[in-house]
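# Structural overview for review
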Amino acid sequence: MGVVWARIGSLLPARDDLAAMVRQPRRDLTAGLTVAIVALPLALGFGISSGLGAAAGLATAVVAGALAAVFGGSGLQVSGPTGAMTVVLVPIVHQYGASGVLTVGLMAGVILIGLAVARAGRYMAFVPASVVEGFTLGIACVIGLQQIPAALGVATPEGDQVAVVAGRAVVDFVRDPHWASIAIAVLVAAAILVGGRIRPTVPVSILAIVAVTLGVELSGLDVVRIGALPEGLAAPSLGFLELSSMWTLAGPALAVAALAALESLLSAAVADGMGVNHKHDPDRELFGQGIANLVAPLFGGVPATGAIARTAVNVRSGAGSRLAALVHAVVLAVIVYTAAPLVAHIPLAALAGVLLATSVRMVEVGSVRAMARATRSDALVLVLTAIATLALDLVRAVILGLIVAGALALRAVARSARLRQMPLHPDLPGDHTAEERALLDEHIVAYRIDGPLLFAAHRFLLELSEVADVSVVVLRMSTVSAIDASGALVLKDAIGKLQHRGILVLVSGIRPGHQRPLAALDVITELRAADHVFEHTSEAIAAARAHLHDAEILPVS
């Protein structure tokens, strides 16, 4: 138990976190304010989409956003309700009601804390860079397409596929154009992209939103606005399921925890790529998300994750520490209680412009180009992950990218093995005449197997089967790095074919760890019984020489 508490203590905030928060407070405050303005309509929308209402979305953004900022492992991450989580929550609401969602959030929080204590976050390091890059590219496209309806000034059409929804929005716009909304979105996006490049320290996004909102109010343009906000954060009369009923939610809780872990860690990895000299702690990130999901339901909030779009806005707005994410949560709370009437006048097209600019700035063209040019496998994984993220969802996209990347990597490793013919002279025992050396070279051939002997080892069968007519083949296996059942069976087949041709097969240098698969599949059972397995190659060649003497191929010394 003491080990567990010590592990939890290592996951708590440290002095370095506080030191980072006071280095550039002005930039963090500006970034936090920018993210809060962008996060406000998203929190409202995702709360409503989940089925628990706008207040639940706001409670999640404020409570989970603040706790994840303090306890999380990324100084740039912004957490809150997300679209991916909403998709998972809707069936839970339909089956178990609001109480079921809050209970699932608590259970998911406990699971995430357990994963952090078990150091499960370190396995995120095994996600290939091509998967992360493809995921980032796909998410940037998703974020951009999601803004099309608001940028065109039309109601968001129904549908699950963002590309289809965006296409329907374009059709609706053609039927009834709203040029003012397009102008607002384009002006805000252009101001952020151009202004951020010219004056990166100036809060261009906030200034653009304020300017556009004032212009719309003064001109009386008819555009869609954020609208009235709910009063306060507390969700009315939402409770939890009884303890006896919680076991039925174990499956949904695991799904929510898995999604929260995957989305948060990927978002943190994307933030590392967008930031400068920043590296997140995956275990601390899981711990922070666990704390956030454990507490947010107590305030009526839904399960939360790291939010990629808001995190990207945070980084591109100049955030340098977790102070920005903390400010974002505080500003949201202040807005709800004091400035809700003012925020209600902000045009949705202006926020669409902010996120359109963010989606453009998320993609590092040079990095994508370099990854695509690295290897064909990297290019394939990058493109496949990006398309899957756009067409499916982030969980299935990442899983698909990992499967393909793993298969390609395993294929490359398996095909890296080599079969090399080696000279006999270094391992010949004793002194030999030139005539005897020539006879040995003529009748004995030694091969060294380098690398892993895995499922793609069928090439060895072809190479060994084509060995010229010799009397003895010595297989040197001291440099074999790994053996699986498929490789062992291929080796067994190759040895059998050589023996069928009347060639004596001797094996040397089998590593201790490789004895088990070879023995289990009877690869070396008969060879060992005939004393044809040796520890050193020199011993095998001495046995081959003795065999040639017995066969009267070599003259008796």
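Everything below is about the structure shown above.
Presented here is an overview of the structure given in this document. Keep in mind the model is a prediction, meaning the values are calculated, not measured.

## Let's talk about the overall build of the protein
Broken down by element type, the protein carries 24 helices and eight strands. When each of the 557 residues of the protein is scored for burial, the buried share is 52%. Considering only contacts within the protein whose residues lie at least 6 apart along the sequence, 83% involve residues at least 24 apart.

## Remarks on empty space enclosed by the protein
According to the stated counting rule, one finds one cavity of 30 Å³ or more in the structure shown. Looking at the largest cavity, its volume works out to about 40 Å³. Together, G65, A68, A69, S74, Q77, V78, S79, E285, Q289 and A325 line the largest cavity. Those elements that place two or more of their residues in the lining of the largest cavity are α4 (54-71) and α12 (282-295). Tallying contributions element by element places α4 first for the lining of the largest cavity, with three residues.

## A few points about the pattern of salt bridges
In the structure shown here, the tally under the stated rule is four salt bridges. When the shortest N-O distance is used, the salt bridge between D172 and R175 registers 3.8 Å. Taken as a pair, D172 and R175 lie in helix α8 (residues 162-175) at a separation of three residues, close to a single helical turn. The class for R175 is exposed, based on a relative accessible area of 68%. Among the ionic pairs, R448 bridges to D450, the shortest N-O distance being 2.9 Å. Here D450 falls in the buried class, since its relative accessible area comes to 12%. Salt bridges here are not isolated pairs; linked through shared partners, they connect R420, R448 and D450.

## Regarding the nonpolar core
Formed by 110 residues in total, the largest nonpolar core has its most connected members in I184, V188 and M362. In terms of nonpolar packing, the next biggest core, distinct from the first, is built from 27 residues, V467, V473, A494 and I524 among them.

## Examining helix α13 (residues 308-316)
Counted residue by residue, α13 has eight buried out of nine residues, so it is predominantly covered. What α13 keeps buried is the set I308, A309, R310, T311, A312, V313, N314 and V315. Among the residues trailing α13, G318 stands out with phi positive, at a value near 100°.

## Side note on the packing of aromatic side chains
Counted according to the given criterion, the structure contains two aromatic pairs. Taken together, a centroid distance of 6.4 Å and an interplanar angle of 70° make the contact between F71 and F287 edge-to-face. In this pair, F71 is assigned in helix α4 and F287 in helix α12, connecting sequence segments 216 residues apart. Using a relative accessible area of 22% as the deciding quantity, one classes F71 as partly exposed. Aromatic side chains F173 and W179 sit 5.2 Å apart centroid to centroid with 85° between the ring planes, which places their arrangement in the edge-to-face category.

## Regarding the packing of helix α6 (residues 129-146) against helix α17 (residues 376-391)
Following both chains from N to C, one finds α6 and α17 inclined at 30°, their axes separated by 7 Å at the closest point. It follows from the interaxial angle that α6 and α17 lie roughly parallel. Judged by the sense of rotation from one axis to the other, the crossing of α6 with α17 is right-handed. Taking contact as the criterion, the partners of S130, V131, E133, G134, F135, L137, G138, I139, C141, V142 and L145 in α6 are, on α17, D378, V381, L382, T385, A386, T389 and L390. Taken together, the residues of the contact of α6 with α17 sort by class into 11 nonpolar, five polar and two charged.

## Details of the layout of surface pockets
Leftover empty space is mapped by rolling, across the atoms, a probe with the size of a water molecule. Considering only enclosed or pocket space, the second largest pocket measures out at about 1,200 Å³ in volume. Together, 47 residues line the second largest pocket, and R27, V315, R316, G318 and A319 are the ones closest to its centre. Looking at the lining of the second largest pocket, the elements with two or more residues in it are α2 (15-21), α3 (25-50), α9 (179-198), α10 (204-219), α13 and α15 (348-362). When the residues that make up the lining of the second largest pocket are grouped by side-chain class, the tally is 17 nonpolar, 18 polar and 12 charged.

## With respect to unusual backbone geometry
In the Ramachandran plot, D522 falls in the positive-phi region, its phi being about 60° despite a non-glycine side chain. Residue position: D522 is located in the loop between α22 (515-520) and α23 (525-529). Positive phi, normally seen in glycine, also occurs at D531, with a value near 60°. Mapped onto the secondary structure, D531 falls in the loop between α23 and β8 (533-534).

## Considering the side chain of S267
Looking at the secondary structure, you find S267 in helix α11 (residues 250-274). Setting aside residues no more than four positions away along its own chain, S267 makes contact with Q77, G306, A307, I308 and T311.

## Topic: the environment of V188
You can see V188 is positioned in helix α9. Distance from V188 to I206, taken between C-alpha atoms, is 9.6 Å for residues 18 residues apart in sequence. Not counting residues up to four positions away in its chain, the partners in contact with V188 are A208, V212, A350, G353 and V354.

## Quick look at a nonpolar patch on the surface
Taken together, the side chains of L193, V194, I198 and V360 present a nonpolar region at the surface, about 340 Å² in accessible area. Counting residues per element, the nonpolar patch draws most heavily on α9, which supplies three residues. Among the secondary structure elements, V360 is positioned in helix α15.

## Some points on the side chain of T537
Relative to the helices and strands, T537 resides in helix α24 (residues 537-550). Using a relative accessible area of 11% as the deciding quantity, one classes T537 as buried. Looking at T537, its side chain comes within polar contact range of the side chain of S508, at 3.1 Å.

## Points about α15
In a regular helix each residue adds 1.5 Å, so 15 residues correspond to 21 Å; α15 covers 21 Å between its end C-alpha atoms and thus fits that length. Counting buried residues in α15 gives 11 out of 15 residues, a clear majority hidden from the surface. By the burial criterion, the buried members of α15 are A349, A350, L351, A352, G353, V354, L355, A357, T358, S359 and M362.

## Side note on the packing of α6 against α8
Remark: α6 packs on α8, axes separated minimally by 9 Å, with the N-to-C direction vectors making an angle of 30°. Classed by the angle they form, the pair α6 and α8 counts as roughly parallel. Both α6 and α8 take part in a crossing whose hand is left-handed. Judged by residue contacts, V142, L145 and Q146 of α6 engage V162, A163 and A166 from α8. Counted by class, the contact of α6 with α8 contains five nonpolar, one polar and no charged residues.

Rules used in this analysis
- Throughout, a residue's number is its position along its own chain's written sequence, starting from 1.
- Totals for whole chains, interfaces and linings use all residues, but because this is a predicted model, local features are given only for residues with pLDDT of at least 70 and pairs of side-chain atoms are given and counted only at 80 or more.
- Only hydrogens and water are set aside; all other atoms, that is, all heavy atoms of the structure, feed into the side-chain values.
- For the purposes of this entry, the term helix denotes a DSSP run of H or I that reaches at least four residues, the term strand denotes a run of E that reaches at least two, and both are numbered from the N terminus.
- Relative accessibility decides the category of a residue: with a 1.4 Å probe and only protein chains considered, values under 20% of the type maximum give buried, values over 50% give exposed, and everything between is partly exposed.
- By definition, residues are in contact when any of their heavy atoms lie within 4.5 Å.
- In the cavity and pocket records, a cavity denotes points on a 1 Å grid over the protein atoms alone where a 1.4 Å probe fits but cannot get out, a pocket denotes an open set with protein on both sides within 12 Å along at least 5 of 7 lines, and lining residues are residues with an atom within 4 Å of a point.
- Grid points are joined across faces, edges and corners, and a volume is the space filled by probe spheres set on the points.
- We define a salt bridge as a contact between a side-chain nitrogen of Lys or Arg and a carboxyl oxygen of Asp or Glu at a distance within 4 Å.
- Take the buried Ala, Val, Leu, Ile, Met, Phe, Trp, Tyr and Cys residues and link them wherever side-chain atoms come within 4.5 Å; each set so joined is a nonpolar core.
- Each Phe, Tyr or Trp ring, with Trp reduced to its six-membered ring, pairs with another whose centre is within 6.5 Å; inter-plane angles below 30 degrees give stacked pairs, above 60 give edge-to-face pairs, and intermediate values give tilted ones.
- Axes here mean lines fitted to C-alpha atoms, for a helix over just the part in contact, with angles spanning 0 to 180 degrees between N-to-C directions.
- Any angle that is under 35 degrees is reported as roughly parallel, and any over 145 degrees as roughly antiparallel; angles of 65 to 115 degrees are reported as roughly perpendicular and all others as oblique.
- Here is the rule for handedness: rotate from the far helix to the near one, and if that takes an anticlockwise turn smaller than a right angle the crossing is left-handed, while a clockwise turn gives right-handed.
- Nonpolar residues are Ala, Val, Leu, Ile, Met, Phe, Trp, Tyr, Cys and Pro. Charged residues are Asp, Glu, Lys and Arg, and all others, Gly as well, are polar.
- For patches, a residue must show more than 30% relative accessible area and have no salt bridge; joins then use 9 Å for like charges and 5 Å for nonpolar side chains, namely Val, Leu, Ile, Met, Phe, Trp and Tyr.
- Accessible areas in this description were obtained via Shrake-Rupley with a 1.4 Å probe; residue shielding takes into account the shown protein chains only.
- Polar contact is defined as a pair of N or O atoms within 3.5 Å, subject to the rule that within protein one atom must be able to donate a hydrogen and the other to accept it, and that residues adjacent in sequence are counted only when both atoms are side-chain atoms.
- Given the number of residues in a helix, its expected span is that number minus one, multiplied by 1.5 Å.

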